[in-house]
Each structure stands twice: as C-alpha cells, then as structure tokens.
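# A structural walkthrough
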Amino acid sequence: MTACVVLTSSLVSSSYAQTPASVAVPSRVAVPLVTAPAAPEVNASAYLVVEATSGQVLAERNTRERREPASLTKLMTAYLVFDALNQKRLSLSQTVHVSERAWKAEGSRMFIQPGKSITTEELLRGLIIQSGNDAAITLAIAVSGAESSFVNAMNREAKRLGMNDTQFLNPTGLPAQGHYSTAHDLAVLSLALMRDFPQYTRFYAEKTFTYNQITQENRNRLLFLDPTVDGLKTGHTDAAGWCLISSVNRPPRKLLTVLLGAPNDAARIGESRKLIDWAFTAYEGKRLYEAKKAIATLRVWKAGVDTIPVGFNDDVTAVTTAGKVDEITSELKLDQRKIAPILAGDKVGTLILKRAGSVVYERDVVAMEPAFSASIWKRAWHSVVLWFKGLF
C-alpha cells in the first residue's frame, strides 16, 4: 500500500489512503497528496519510505506491526549517548570502565576487555559500525550507572518521541519477550536522531573500524554500493529477520527507508535499493526556502523593536510526483498578535504547502531574532492600541 504521510516526533495518525499521506518531524499535519505512484513489490515483512526533509511518507506496508527490532535498538542507545554528550555528562575523549557483563556479551561484539582503557568515541564507533553488544552495555552503564536505569531512560525517551508501539528491555536488541517496535516508530527515532544530533551522524557513514587489532566492516553494505547513502543501521535475529534503515543524501532531498524482516542479507540490500531507486524516480523535490534565512518580517507588540525577521530552522523542500513539483504553492500564516518577549527559534506562524488545493505538509515559521520587552510606557501604549484594534 502506498501513502504519503508527515512523520512528526509524535507521529500523526493517518488514514493510509491509496494516495501519499504525511508523517513529519517538522509538521503535525496528516493529509493525502494528490497522486501516488505505485510502490514496487518488496520482499520484506514491513517497510516505510519517508522524505526526511519534510516527513512525507511516500510508501509503507505493515508500519504499525510490532516486531523485534534486533540491533536497530541501538539507534535509541546511541540517541541517549548523544544526548549525554550534548549535556556534557560524557565526552568523546572520556575513558569508560568496561564491566565483566559487557565483556561477556553475546552476539556481535567489538571485543573490548575489562581493565583496558577505552574512550566514549571508540565505544560509539564499536556500537554504530560494528554493532557491538559489548559497546552498547558499556555505554548504557556509562550514561545511567546501571543497565536497568538506562533501559528505563530508553522507554521514557520513546514515549516522549511518540513511539507508542515500542518497548525496550535492553540496549542491545538481543531477543527478549516483550522487546518490540514498529517500522513507523523506528522511522520516528531515526528522523529524531538525524534532526537532534547531526554532529554525530557522521559515525554512521564510516565503512570500517579497527579496535583491539580487529578490523570490522560496517554491516550496512549500501555504504559500499551507493556514495549518496550515509547511514544508518542494520539489525538481524532469527525472529526479526534481516533489517536495514538507510539514509540517502541527494540534495535538496534526504530520504529514509526502513526495511524489516527481509529473508536474507542480500534481500535487505536489494529491496532497500529498490525502494530508494523508486523514490527518486517517482518523486522529485525542490528547495523553496533556505534554513536560517529571513522570508518575511513580523510586527511584534510591546517589544523594544518594531519588527523581527522570520524564517525556518531547516530548509523547506517540496516533494511531489515527478514532473509536478512546479505545481506546489505556499501560504504563509503569521500570528499578527505576537507580544514580546519572543526568543529566536520561537514559533510565530505556519507555512502551508499545497498542490492542486490539497495540503502537502505544514512547516513551523520561527523568529530569526529575539524581541525583548519594551519599556513600561511602550507596553502600556501598545495595550491601548491593541484594545482599539480588537487584538487584545
């Protein structure tokens, strides 16, 4: 079934009609596009193709079906480590203690050893490139003090992001009854990771990593086959099947594919490539607005300044069926009653993109500069003006 939805941090539910719908990090709208090119047949239990720049879901199947996520779990493990780095609770150069439990971890490993010094950065590479379960456990303890506390944090973060069909029982993805997620939720997590921690996503593009004199290749074989692929994560257990989340950077577009339950490694690569090729053939994108550049000015009341520039935190790219991108129109709605103080980055309006009268998706318009409160006399005068205008 094909859909085009907008993926938000808390993914908006959609009707999953026969036309593309929307599910996006930057928007909370879920309405169909005008037409939907038929998606290819895919040999996998579930899949989702989402335009990361807008959150539009171009194709999907069984996206709400709960399944074992296997090592795709490590995306949440990394997300929490990245957050700890941002909050200065960890540093990349910090030496981390290796527990005996981590050393004895089953499955894929980076082969760390108790008593041997290892840095957070080395552990992250072992987690991301080598999919090391020993790295996942060590990082979990480094962040939260205990593996169980880290798992609690994983589930809190999942709920915050809107991953309502996800439950984590460990930071590795090793099989455990009650450890599950969905293609939809894993797409939400992947988009959030790329949005919130772009400075660390470079690790996902690295093809090899050597630790303890052992070199291992990234299990994401698409990195070796397509130079525009720059992530993201593989996973495999007998129950989960062969899974792959791929990120593809072809400006102005950024694509994310989630493929779960392929029958073998070759299939998860081949079927992912099929979805990527289809998405870039059936749909095209056009950058309408650049990030951090003013698109208009907004009148601000009770402020020390009269107006402030407004724009977007990220590029605004319209994606629609091939050959129809010039039919995209935009409508800018600004809040004409904004009262100081306003901080840079605060939402002040909405941009609505449409094609043939139907909404494609919406994007928040934000203040590019702050507007601090004016003197008491100016605030009083503006209160009078607003009262006469019927705006206050």
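Just above sits the structure.
Computed from a predicted structure; not experimentally measured.

## Here's the deal with the overall build of the chain
Per the secondary structure count, the chain includes nine helices and 16 strands. The C-alpha radius of gyration computed for the chain amounts to 23 Å, which stays within 12% of the reference 21 Å derived for 392 residues, consistent with globular compactness. Burial statistics for the chain: of 392 residues in total, 53% are counted as buried. Within the chain, contacts between residues at least 6 apart in sequence are counted, and of these 63% link residues at least 24 apart.

## Details of the packing of aromatic side chains
Summed over the entire model, instances satisfying the criterion amount to six aromatic pairs. A ring pair is formed by Trp278 and Tyr283, whose centres lie 5.7 Å apart and whose planes are at 80 degrees; its orientation type is edge-to-face. Residue Trp278 shares its accessibility class with Tyr283, and that shared class is buried. The structure contains a cluster of three or more aromatic residues connected by ring pairs, namely Tyr79, Phe82, Phe197 and Tyr200. We note Lys116 situated over the ring of Tyr211; from NZ or CZ to the ring centre the distance is 5.5 Å. The ring of Phe203 carries Arg202 above its face, with NZ or CZ at 4.3 Å from the centroid.

## Let's talk about helix α1 (residues 74-86)
Its 13 residues place the ends of α1 18 Å apart at the C-alpha level, agreeing with the 18 Å of an ideal helix rising 1.5 Å per residue. The element α1 is extensively covered by neighbouring structure, given that 11 of its 13 residues are classed as buried. Here α1 has its buried residues at Lys74, Leu75, Met76, Thr77, Ala78, Tyr79, Leu80, Val81, Phe82, Ala84 and Leu85. Check the buried side of α1 and you find it contacts α3 (120-128), α4 (133-144), α5 (147-161), α6 (183-196), β7 (229-237) and β8 (241-250). Immediately beyond the C-terminal end of α1, within one or two residues, lies Lys88, with a positive phi of roughly 65 degrees.

## So, a nonpolar patch on the surface
Nonpolar side chains collect at one region of the surface, where Trp381, Val384, Trp387 and Phe388 lie side by side and expose about 540 Å² of accessible area between them. Of note, Trp387 is situated in helix α9 (residues 376-389).

## Quick notes on unusual backbone geometry
Geometrically, the link from Pro251 to Pro252 is a cis peptide bond, its omega value of 10 degrees lying close to zero. Counting through the fold element by element, Pro252 comes out in the loop between β8 and β9 (253-262). The linkage connecting Ala340 with the following residue, Pro341, adopts the cis geometry, with an omega of 5 degrees. Locating Pro341 in the fold gives a position in the loop between β14 (328-334) and β15 (347-355). The backbone of Phe111 sits at a positive phi, close to 65 degrees, despite the residue not being glycine. Turning to its location among the elements, Phe111 is positioned in the loop between α2 (100-103) and β4 (118-119). Here Phe111 falls in the partly exposed class, since its relative accessible area comes to 30%. Phi is positive for Gln213, close to 65 degrees, though the residue is something other than glycine.

## A word on helix α8 (residues 265-282)
Over its 18 residues, α8 runs 26 Å from end to end, which matches the ideal 26 Å to within 8%, given 1.5 Å per residue. Restricting attention to buried positions, one finds in α8 the residues Ala267, Arg268, Ile269, Glu271, Ser272, Leu275, Ile276, Trp278, Ala279, Phe280 and Ala282. Taking the backbone nitrogen of Ala266 as reference, a side-chain oxygen 3.3 Å away marks Asn264 as the first, capping residue of α8.

## Comments concerning the packing of α4 against α5
Between two packed helices, both the angle of their axes relative to each other and the distance between the axes serve to describe the pair. One way to put it is that α4 packs onto α5 with a least axis distance of 8 Å and a crossing angle of 85 degrees. The angle between the axes of α4 and α5 places the two elements in the roughly perpendicular class. Each of Ile137, Ala140, Ile141, Val143 and Ser144 in α4 lies in contact with α5, whose residues at this interface are Glu147, Ser149 and Phe150. Across the contact of α4 with α5, the residue classes tally to five nonpolar, two polar and one charged.

## Considering the pairing of strand β1 (residues 46-51)
Successive side chains on a regular strand alternate, one facing one side of the sheet and the next facing the other. Of all six residues in β1, six are buried, a share of seventy percent or more. Taking every second residue as pointing to the same face, both faces of β1 are buried, with Ala46, Leu48 and Val50 on one and Tyr47, Val49 and Glu51 on the other. Note that β1 and β9 share six bridges and pair antiparallel. By the bridge assignment for β9, Val49 is matched with Thr257. In this structure, the hairpin formed by β1 and strand β2 (residues 56-61) is closed by a connection of four residues, where Gly55 is found at a positive phi of approximately 85 degrees.

Criteria and cut-off values
Residues numbered from 1 in each chain as written. Predicted model: local features only at pLDDT ≥ 70, side-chain atom pairs only at ≥ 80, totals over all residues. Heavy atoms only, no water. Helix = DSSP H or I, 4+ residues; strand = E, 2+ residues; numbered from the N terminus. Rg over C-alpha atoms; globule rule 2.2 N^0.38 Å. Buried < 20%, exposed > 50% of the residue type's maximum accessible area, 1.4 Å probe, protein only. Contact = heavy atoms within 4.5 Å. Phe/Tyr/Trp six-rings, centres within 6.5 Å; stacked < 30°, edge-to-face > 60°. Lys NZ or Arg CZ within 6 Å of the ring centre and 35° of its normal. Expected span 1.5 Å × (residues − 1). Patch = residues over 30% accessible without salt bridge, like charges linked within 9 Å, V, L, I, M, F, W, Y side chains within 5 Å. Areas by Shrake-Rupley, 256 points an atom, 1.4 Å probe, with all protein chains shown as cover. Salt bridge = Lys/Arg side-chain N within 4 Å of Asp/Glu carboxyl O. Polar contact = N/O pair within 3.5 Å; in protein donor to acceptor, adjacent residues only side chain to side chain. Axes fitted to C-alpha atoms, helices over the stretch in contact; angles between N-to-C directions. Parallel < 35°, antiparallel > 145°, perpendicular 65-115°, else oblique. Nonpolar A, V, L, I, M, F, W, Y, C, P; charged D, E, K, R; others polar. Pairing = 2+ DSSP bridges.

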